[in-house]
Amino acid sequence: MSDQNKNSMSTASLVFLPPQALANLKQGYLAFTGWEGLDDPFLENRRVYQPEQLVEPMSDGEFAQALEKHYQAMDDNMKNMVSWEYYLEQ
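From a predicted model like this one, the values you see are computed outputs, not experimental measurements. (Residues numbered from 1 in each chain as written. Predicted model: local features only at pLDDT ≥ 70, side-chain atom pairs only at ≥ 80, totals over all residues. Heavy atoms only, no water.)

K.L.:
What am I meant to see in a nonpolar patch on the surface here?
P.N.:
A cluster of nonpolar residues, Leu 17, Leu 22, Leu 25, Leu 30 and Phe 32, forms a patch on the protein surface that exposes about 530 Å² of accessible area. Assignment of secondary structure puts Leu 22 in helix H2 (residues 19-26). (Patch = residues over 30% accessible without salt bridge, like charges linked within 9 Å, V, L, I, M, F, W, Y side chains within 5 Å. Areas by Shrake-Rupley, 256 points an atom, 1.4 Å probe, with all protein chains shown as cover. Salt bridge = Lys/Arg side-chain N within 4 Å of Asp/Glu carboxyl O. Helix = DSSP H or I, 4+ residues; strand = E, 2+ residues; numbered from the N terminus.)

K.L.:
Would you mind going over the environment of Tyr 71 with me for this structure?
P.N.:
With respect to the helices, strands and loops of the structure, Tyr 71 is situated in helix H3 (residues 60-73). Its relative accessible area of 8% is what places Tyr 71 among the buried residues. Taking the C-alpha atoms as reference, Tyr 71 lies 7.7 Å from Tyr 87; in sequence the two are 16 residues apart. In this view, Tyr 71 contacts Lys 79, Val 82, Ser 83, Trp 84 and Tyr 87; residues no more than four positions away in its chain are not counted. Among the polar contacts made by the side chain of Tyr 71, one reaches the main-chain amide nitrogen of Trp 84 at a distance of 3.4 Å. (Buried < 20%, exposed > 50% of the residue type's maximum accessible area, 1.4 Å probe, protein only. Contact = heavy atoms within 4.5 Å. Polar contact = N/O pair within 3.5 Å; in protein donor to acceptor, adjacent residues only side chain to side chain.)

K.L.:
Can you walk me through the packing of aromatic side chains in this structure?
P.N.:
Note on aromatic pairs: each is described by the distance of the centres and the angle between the planes. One pass over the full model with this rule turns up three aromatic pairs. For the ring pair Trp 84 and Tyr 87, a centre distance of 6.0 Å and an interplane angle of 25 degrees mean the geometry is stacked. Placement of both Trp 84 and Tyr 87 in helix H5 (residues 84-89) is noted, with a separation of three residues, approximately one turn of the helix. On the accessibility criterion, Trp 84 (26% relative accessible area) is partly exposed. Joined through ring pairs, the aromatic side chains of Tyr 71, Trp 84 and Tyr 87 make up one cluster. (Phe/Tyr/Trp six-rings, centres within 6.5 Å; stacked < 30°, edge-to-face > 60°.)

Shown next as structure tokens:
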């Protein structure tokens, strides 16, 4: 293996930490941030969305109607593969 390959491999595996983080790591201290300060990775690094008003939960009847509506909206070839009873179980 050439010297250039050895040098590129060793620098590629280096982790750069600020001095305070390195001191904390040597002491075995891990600093965790609260979940409020973390970005939501699924929404382009925006903050986690919290609705201002709570949505009322659905009643059992409304939920059953919504399930049936979704099942009826499926393509015919999908309905042929999945029975209504199986769809309800899932």
